[in-house]
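Read off the chains here:
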Amino acid sequence: AAKRGFAFKDSDGVAWNKGFTIWKFEDDKPSASANAKTINYGFWGDTLGNDYTVEWKYDSASNSYKRSNGGQIHTDMETKQQLEAKNVVAMFVEEEGPVDKEHHMYYEVVGTGKAIIFQNGIAIEGTWKKTARNTRTIFYDDNGDEVKFVRGKIWISALPENNKVDYN
């Protein structure tokens, strides 16, 4: 990275993470009354079929969610293991587009919006907030308290505001 001009400090000697807000974390706390054992959502409604439908299944033994995509187990290309995460976040954002001839879409991730955070087998409905392009997105529960992530992998899906997320 240093050879390509990417370093821990900028030309003034200031570390890239100076003033950077870190997320809060906590240890596993699997819930005895899990309400989110299966999570389902798609991208762009039914216009593209089921190829972009995502399902996460809660595995209580590992206290994590295992991912399928388009009806198939989603595996890591290198390890061939099913993708899994301790925290799964559905972040609802404003969608614009298509913005070019290739039909790319634009998603606004600065601002605030609704979110659902899944961890420990439960769903936490709340909001997200990001004040600027170079700041951390922070997630809050419905009481306005910052969500603490379970230590481990975090998967965040930015979904159009009108998308539906089903869980049970």
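For the structure, check the block above.
Scoring rules and cut-offs
- Residues numbered from 1 in each chain as written.
- Predicted model: local features only at pLDDT ≥ 70, side-chain atom pairs only at ≥ 80, totals over all residues.
- Heavy atoms only, no water.
- Helix = DSSP H or I, 4+ residues; strand = E, 2+ residues; numbered from the N terminus.
- Buried < 20%, exposed > 50% of the residue type's maximum accessible area, 1.4 Å probe, protein only.
- Phe/Tyr/Trp six-rings, centres within 6.5 Å; stacked < 30°, edge-to-face > 60°.
- Lys NZ or Arg CZ within 6 Å of the ring centre and 35° of its normal.
- Salt bridge = Lys/Arg side-chain N within 4 Å of Asp/Glu carboxyl O.
- Pairing = 2+ DSSP bridges.
- Core = buried A, V, L, I, M, F, W, Y, C linked by side-chain atoms within 4.5 Å.
- Contact = heavy atoms within 4.5 Å.

Draft legend 1. Structural view of the environment of G70. As for its placement among the helices and strands, G70 is situated in the loop between β4 (64–69) and β5 (72–73). Overall, G70 belongs to the partly exposed group, its relative accessible area being 27%. Distance from G70 to V54, taken between C-alpha atoms, is 6.4 Å for residues 16 residues apart in sequence.

Draft legend 2. Representation of the packing of aromatic side chains in the model. Under the definition given, this model contains eight aromatic pairs. What links up through ring pairs into an aromatic cluster is the set W23, F25, F139 and F149. Just above the ring of W23 sits the side chain of R136; from NZ or CZ to the centre is 4.0 Å.

Draft legend 3. Highlighting the pattern of salt bridges. Summed over the entire model, instances satisfying the criterion amount to five salt bridges. Between D27 and R151 there is a salt bridge, with its nearest N and O atoms 2.7 Å apart. Highlighted residues: D27 in the loop between β1 (25–26) and β2 (38–41) and R151 in the loop between β12 (149–150) and β13 (154–160), separated in sequence by 124 residues. Relative accessible area serves as the criterion here: at 51%, D27 is assigned to the exposed category. The class of R151 is partly exposed, set by a relative accessible area of 45%.

Draft legend 4. Region of interest: unusual backbone geometry. A cis amide bond links G97 to the next residue, P98, at an omega of 10°. Looking at where P98 falls in the secondary structure, it is placed in the loop between β7 (87–96) and β8 (106–108). In this structure, N63 is a non-glycine residue whose phi angle is positive, near 50°. By the element assignment, N63 lies in the loop between β3 (54–59) and β4. One non-glycine residue, N120, adopts positive backbone phi at about 55°. With respect to the helices, strands and loops of the structure, N120 is situated in the loop between β9 (111–119) and β10 (122–130).

Draft legend 5. Seen up close, the pairing of β2. With four bridges connecting them, β2 and β3 associate as antiparallel partners. Along β3, the bridge assignment pairs N40 with E55. With three bridges connecting them, β2 and strand β14 (residues 165–167) associate as antiparallel partners. Across the sheet, N40 pairs through a bridge with D166, a residue of β14.

Draft legend 6. Main features of the nonpolar core. Formed by 17 residues in total, the largest nonpolar core has its most connected members in I39, Y41, W56, Y65, F118, L159 and V165. Mapped by element, the contributors of at least two residues to this core are β2, β3, β7 and β9. The contact partners of I39, leaving out residues within four places of it in the chain, are V54, E55, W56, Y65, F118, V165, D166 and Y167. V89, A115, I138 and F149 belong to the second largest nonpolar core, which has twelve residues in total.

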